[in-house]
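# Examination of the molecular architecture
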Amino acid sequence: MLKFMLKQRLNSPPSDDGTLTVDGLPLPCHLVRSRRKSLAVHVRHDRIEVRAPLRIARRDILQFLSRHQAWVCRKHQEKVQRAAEHLSLTDGSEILYKARTLTVRLRAAPRSAVAVSTRELIISGPDLSPDKVTAIFKGWLQEQAKAWLPARTRALADHLGVGTKLKDVVFRKTKSKWGHCTAQGRIQYNWLIMLAPDGVIDYMICHEVCHLLHMNHSPVYWQAVASVCPDYKRYVGWLKQHEHRLWF
Ligand SMILES: [Zn+2]
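Okay, so let's go over this structure. Bear in mind the structure is a predicted one, so any value in this text is a computation, not a measurement.

## Re the layout of surface pockets
Of the voids in this model, the largest pocket is the one considered here, and its volume is about 490 Å³. Forming the boundary of the largest pocket are 15 residues, of which Lys-79, Arg-82, Lys-240, Glu-243 and His-244 lie nearest the centre. Residue contributions to the lining of the largest pocket peak at 5 residues, all from helix H3 (residues 69–84). Here the lining of the largest pocket is composed, by residue class, of 3 nonpolar, 6 polar and 6 charged.

## Some words on the coordination of the zinc ion
Within the protein, His-207 (NE2), His-211 (NE2) and His-217 (NE2) serve as the donor atoms for the zinc ion, at 2.0 to 2.1 Å. For the zinc ion, the single-chain donor residues occur in sequence as H-x3-H-x5-H. With His-207 in helix H5 (residues 198–210) and His-217 in the loop between H5 and helix H6 (219–228), this pair connects stretches of sequence that are 10 residues apart. A relative accessible area of 13% places His-207 in the buried class.

## Some remarks on the nonpolar core
Within the largest apolar cluster, 51 residues are counted, with the highest numbers of intra-cluster contacts made by Ile-95, Ile-123, Phe-137, Ile-193 and Leu-195. The set of elements that each furnish at least two residues to this core consists of strand S5 (94–97), strand S6 (100–108), strand S8 (120–125), helix H4 (130–159), strand S11 (186–189), H5, H6 and helix H7 (232–242). The element best represented in this core is H4, accounting for 9 residues. If we skip the residues at most four places from it in the chain, Ile-193 touches Leu-149, Trp-178, Val-200, Ile-201, Met-204 and Leu-239. One finds Leu-25, Cys-29, Val-43 and Leu-65 within the second-largest nonpolar core, a separate group that totals 15 residues.

Rules used throughout
- Residues numbered from 1 in each chain as written.
- Predicted model: local features only at pLDDT ≥ 70, side-chain atom pairs only at ≥ 80, totals over all residues.
- Heavy atoms only, no water.
- 1 Å grid on protein atoms, 1.4 Å probe; cavity = no way out; pocket = protein on both sides within 12 Å on 5 of 7 lines; lining within 4 Å.
- Points joined across faces, edges and corners; volume = space filled by probe spheres on them.
- Helix = DSSP H or I, 4+ residues; strand = E, 2+ residues; numbered from the N terminus.
- Nonpolar A, V, L, I, M, F, W, Y, C, P; charged D, E, K, R; others polar.
- Donors = N, O, S within 2.8 Å, 3.2 Å for Na, K, Ca; no water.
- Buried < 20%, exposed > 50% of the residue type's maximum accessible area, 1.4 Å probe, protein only.
- Core = buried A, V, L, I, M, F, W, Y, C linked by side-chain atoms within 4.5 Å.
- Contact = heavy atoms within 4.5 Å.

Just geometry here; none of it tells us what the structure is for.
Rendered as structure tokens:
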């Protein structure tokens, strides 16, 4: 009993109110203490979160923060910039399509359609309300996704000898994922990936199909990816740098 009490006492956090006042930081700063061993700082869209061990002194946390202040400000700036670059379908906005930056043009026309020229992505239709524009654009990308992704996925699964494990290919626009593979052999793709360059789309197919071999991201898994997509690191890098521009 005493041991338990002692342990409880030792582990109880110092009296923090959960906030930290630090000059020069762009967002409010929240302190979260837990049984972790090291200090870490995360820049969220609306706050800075410092994760700290239970018993570390507030003074040390503040010192840690001021040491990393420049990094925190840079990360925040990056987030603001990225949010401004999210995909928008208003007339005159810019869109990243197959690694080219095109200008979105909305044109009244009797029939709904999407066309790509050297510099423009033209969305036309009889009703160009924001919802309708999104629906036309979505239909156009879904059509491309359906024409390309299932056949390619099937071919690669057969090539890797896991054709019988692949049960289904489905499409869904999820919040933060390009693809997903379930233990039951269902592969799900986000149709927005059709905006990416062909190499990136191919890498995503390899990524998901290789999960039919290994349901993890272990070194053996990445070896399998490299065997069918030797340049995969380049495509992972492309996604890291540009994927926020494909979301809306
Ligand atoms: Zn994965």
